[in-house]
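# Residue-level structural notes
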Amino acid sequence: MIKVKDIIKSYGNGESRFQVLQGISLEIQDGDFVVILGASGSGKSTFLNVISGLERPDSGKVFYDTTEITALSDKELTVFRKENVGFIFQQYYLLPDMSVDKNVKMGADLAGNKDYKNVIEAVGLGEKLHKYPSELSGGEQQRVSVARALAKKPKVLFLDEPTGALDEQTGRQVLDYICKLKKQYGFTIVMVTHNLNIAEMAKTVVKMNSGKISEIYQNEVQKSAYEIGW
Amino acid sequence: MLIGIKNAAKLIGISIIACCAVLVCTMFLNFYFDVQSIESEITSELSLIYYNAQVSTAKVVCLVSGGCLLITSAVMLMFYIKHYIDTHKKELGILKALGYSNLKIAKSFWVFGISAFIGTVIGFGGAFLLMPWLYALQNKDKILPEIAINFHPIIFLYFVILPTVGFSLLAISYAWCKLKRPVLSLLKEDFKSLAKVKKHKKDKHSEYSFVDDLKRNTLKSKKVLVFFIIFASFSFSAMTQMSFSMKDLSSEMMGAMILIIGLVLAFTTMFLAITTVINGNTRTIAMMQVFGYSQKDCCKAILSGYRPMSYIGFAIGTVYQYVLLRIMVDIVFKDFEGMPIYEFDFPVMIISLVAFILIYEILMYVYSERIKKISIKEIMIE
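Residues numbered from 1 in each chain as written. Chains lettered and ligands numbered in written order. Predicted model: local features only at pLDDT ≥ 70, side-chain atom pairs only at ≥ 80, totals over all residues.

### Quick word on the overall build of chain A
Per the secondary structure count, chain A includes six helices and ten strands. The C-alpha atoms of chain A give a radius of gyration of 17 Å, which matches the 17 Å a tight globule of 230 residues would have. A burial count over chain A gives 49% of its 230 residues as buried. If you take every contact in chain A between residues at least 6 apart in sequence, the share linking residues at least 24 apart comes to 70%. (Helix = DSSP H or I, 4+ residues; strand = E, 2+ residues; numbered from the N terminus. Rg over C-alpha atoms; globule rule 2.2 N^0.38 Å. Buried ≥ 20, exposed ≤ 12 C-beta atoms within 10 Å, placed from the backbone. Contact = placed C-beta atoms within 7 Å.)

The following block contains the structure:
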């Protein structure tokens, strides 16, 4: 379980100092599918960065079960990320000079995963193992980044606007792959998006506004990627 | 002006190398011209042999040092222009989209010639400051008649005007060639901007770990940086060993001058190469950190591939300095009596190697600390 207590995070100095997160508390159960919903500037990406251990809060605590990650040193935090979390970003961040196989290996090596090619097959890129990112479409590149994140067998998968750079069809396809793989591997999903429709796929929806949580609710029915609007 | 003086200022590496090249070449070419003016005053056979040796020395030093440093400066200039275009391709793409021609944009690259001008002027001035000492040294036994220092305008033309104009023209023409790509390939941020799609090769190295694969890839992707690392190690090795080995052949001052030039060249080139490697891989390093790779892994993948190259450079430098001194002793000064015997100086080589390894590893440590400071957040909000 992820437990977030009174997180405060500010940027800037002096008069230009701006509080992005204003005392956020939240609990995320293991295996949950959480969508953090909010408009641009609501603080949702910063919140994701803080709970995933990419950024440190000014104050407040983040626990993964009994481990307080906000108290870990940089080195310990790196080990924590290595062993626990996977990331998928809007901009993919693939390594341009490396093939699909080697990009996915980046994640797989961290978990000693020798069967990582199964994950590449699972996202439908088995035929494109030796292609380079420049030879793939946006949707395919995002699927590579999904495979890369899952090849390290994360306990929690963090996604920051994973469909933000994709068209409707490829966006649905990528989300569908993620949901199928979640069923297969059972990891927790924490996804940031501004798309209200995508929130219908989640079990738990956390709405954010001006650095605060404005609403938390559970969906009674979780829709599939092909059932939601766009 | 599309490209400002500020951009040219970043080419300090070229200025330093140009300065070293012009300093050495101006001193020896000026000496070459001035020593020729006393040819008619030489009467004894010993003086004639010594005169011929001095003329040959000046020619060899000018050609070897000047040629080597000129090529390095030109490679560095082209490398920087390519790097500039790659990092500013969006702005350049917008200019092309607005209707600026390739030539119009390329013309503004002339300012990069300023870096050569600054270096050559400093080198030229410095040479005239050091010339009295060189002239005295070359004729310390007074075998030749008094050699007066004269100003030869042709040298100013050769070593200041021509390099400046040449480097400006090189910058314009190289930029013009590099800008000849479609507007969209400059504007698009994604990887399609890679001009050529790599050939699919069967993965021969799949047994390697990701870090090892990345290490090989980093090395292969920027071959010019390998050249710079080899050149830096070569400069260090050749110049330090030469400066100590030639203590019996020349003066301590000459040795010190060679040592300083070698160290300046080595550090400048090494700094440029490693900084470019890290800047070019910032995103990769950030992603590795996001995924949980340790600082040690990041350094291994990005920096350690250059270590064998640096040793190769050191070995080439060792051979080069030995062959050069051998040529000087066996060919240039072969008829000159009293020339000390020159043998390969093994202890000096060992000391240089140890110093090289120490300095190289300290530099790598400093840069690994820089890798540690790469902000994940900055990459994410780019």
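There's more to say after this.
### Details of the overall build of chain B
Along the backbone of chain B there are 16 helices and zero strands. Among the 382 residues that make up chain B, the fraction classed as buried is 38%. Restricting to contacts in chain B with at least 6 residues of sequence separation, those with at least 24 account for 87%.

### With respect to the environment of Ile213 of chain A
All names here are of chain A. As for its placement among the helices and strands, Ile213 is situated in strand β10 (residues 212-218). Looking at Ile213, the number of C-beta atoms within 10 Å reads 21, which means it is buried. As for Ile213 and Asp97, which are separated by 116 residues in sequence, their C-alpha atoms are 41 Å apart. Not counting the four nearest positions on each side in its chain, Ile213 is found in contact with Ile24, Leu26, Val206, Lys207 and Met208.

### Details of the confidence of the model for chain B
Residue and element names in this part refer to chain B. Chain-level statistics for chain B give a pLDDT mean of 82 and a share of 87% at 70 or above. Low confidence marks residues 191-196, where pLDDT is under 50. Its contacts with residues over four positions away, or in another chain, come to eleven contacts. Among the prediction metrics, the complex's ipTM stands at 0.83, with pTM recorded as 0.74. (pLDDT = per-residue confidence, 0-100.)

### Details of the domain arrangement of chain B
All names here are of chain B. By domain assignment, chain B separates into domain 1 (1-193) and domain 2 (209-382). Taken residue by residue, the interface counts 18 residues in domain 1 and 19 residues in domain 2. Element by element, the count of residues in the side of domain 1 that touches domain 2 is highest for helix α3 (residues 45-87), at eleven residues. Looking at the side of domain 1 that touches domain 2 residue by residue, the class counts come to 13 nonpolar, five polar and no charged. (Domains from an automatic or database assignment. Nonpolar A, V, L, I, M, F, W, Y, C, P; charged D, E, K, R; others polar.)

### Quick notes on the sheet that holds strand β6 (residues 85-89) of chain A
Residue and element names in this part refer to chain A. Within the open sheet, the six strands sit side by side as β6-β7-β8-β3-β9-β10. Their pairing is mixed. Each edge of the sheet is formed by a strand with only one pairing partner; in this case those strands are β6 and β10. Pairs of neighbouring strands in the sheet enclose a mean axial angle of 15 degrees, with direction left out of account. By the bridge criterion, five bridges tie strand β3 (residues 33-38) to strand β8 (residues 188-193) in an arrangement that is parallel. Directly across from Leu37, in β8, lies its bridge partner Thr193. This element, helix α1 (residues 44-51), spans β3, β7 (156-160), β8 and β9 (204-209) of the sheet and lies at about 155 degrees to β8. Its contacts with the sheet place helix α5 (residues 138-151) against β6 and β7, and it is angled at close to 170 degrees to β6. (Pairing = 2+ DSSP bridges. Axes fitted to C-alpha atoms, helices over the stretch in contact; angles between N-to-C directions.)

### Focus: the interface of chain B and chain A
With 22 residues of chain B in contact, the opposing surface of chain A contributes 26 residues. Those elements that provide at least two residues to the side of chain B that touches chain A are α9 (210-221), α12 (282-291) and α16 (376-380) of chain B. With six residues, α12 of chain B is the single largest residue contributor to the side of chain B that touches chain A. Split into classes, the residues belonging to the side of chain B that touches chain A amount to eight nonpolar, eight polar and six charged.

### Here's the deal with α12 of chain B
Residue and element names in this part refer to chain B. Here α12 lies mainly inside the structure; eight of its ten residues are buried. For α12, the set of buried residues is Thr284, Ile285, Ala286, Met287, Met288, Gln289, Val290 and Phe291. Immediately beyond the C-terminal end of α12, within one or two residues, lies Gly292, with a positive phi of roughly 110 degrees.

### Topic: the packing of helix α3 (residues 100-111) of chain A against α5 of chain A
Residue and element names in this part refer to chain A. Where α3 contacts α5, the axes come no closer than 6 Å and their chain directions differ by 30 degrees. When the axis of α3 is compared with that of α5, the two are roughly parallel. Remark: the crossing between α3 and α5 carries right-handed chirality. Only Val144, Ala147, Arg148, Ala149 and Ala151 of α5 make contact with α3, whose side of the interface consists of Val100, Asn103, Val104, Met106, Gly107 and Ala108. Looking at the contact of α3 with α5 residue by residue, the classes come out as eight nonpolar, two polar and one charged. (Parallel < 35°, antiparallel > 145°, perpendicular 65-115°, else oblique. Left-handed = near helix turned anticlockwise from the far one by under 90°.)

### A word on helix α6 (residues 168-185) of chain A
Residue and element names in this part refer to chain A. A rise of 1.5 Å per residue sets the reference length of α6, with its 18 residues, at 26 Å; its end C-alpha atoms lie 26 Å apart and thus fit the reference within 8%. For α6, the full list of buried residues reads Gly171, Arg172, Gln173, Val174, Leu175, Tyr177, Ile178 and Leu181. Those residues of α6 that are buried are in contact with α4 (116-122) and α5. Following α6 by one or two positions, Gly186 has its phi on the positive side, about 75 degrees. (Expected span 1.5 Å × (residues − 1).)

### Focus: the sheet that holds strand β2 (residues 18-28) of chain A
All names here are of chain A. Read from one edge of the open sheet, four strands run β2-β1-β4-β5, paired in antiparallel fashion. In this open sheet, the two edge strands, each paired with only one partner strand, are β2 and β5 (67-68). Note that strand β4 (residues 59-64) and β5 share two bridges and pair antiparallel. What sits directly across from Tyr64, in β5, is Thr67.

### Description of the pairing of β10 of chain A
All names here are of chain A. Across six bridges, the pairing between β9 and β10 is antiparallel. By the bridge assignment, Met208 is partnered in β10 with Ile213. Hairpin connection between β9 and β10: a loop of two residues separates the two successive antiparallel strands, and Ser210 in this loop has a positive phi of roughly 50 degrees.

### Details of the environment of Asn113 of chain A
Residues and elements named next belong to chain A. Mapped onto the secondary structure, Asn113 falls in the loop between α3 and α4. For the pair Asn113 and Tyr93, spaced 20 residues apart in sequence, the C-alpha separation works out to 21 Å. Not counting chain neighbours up to four residues away, the residues in contact with Asn113 comprise Ala108, Ala151, Lys152 and Lys153.

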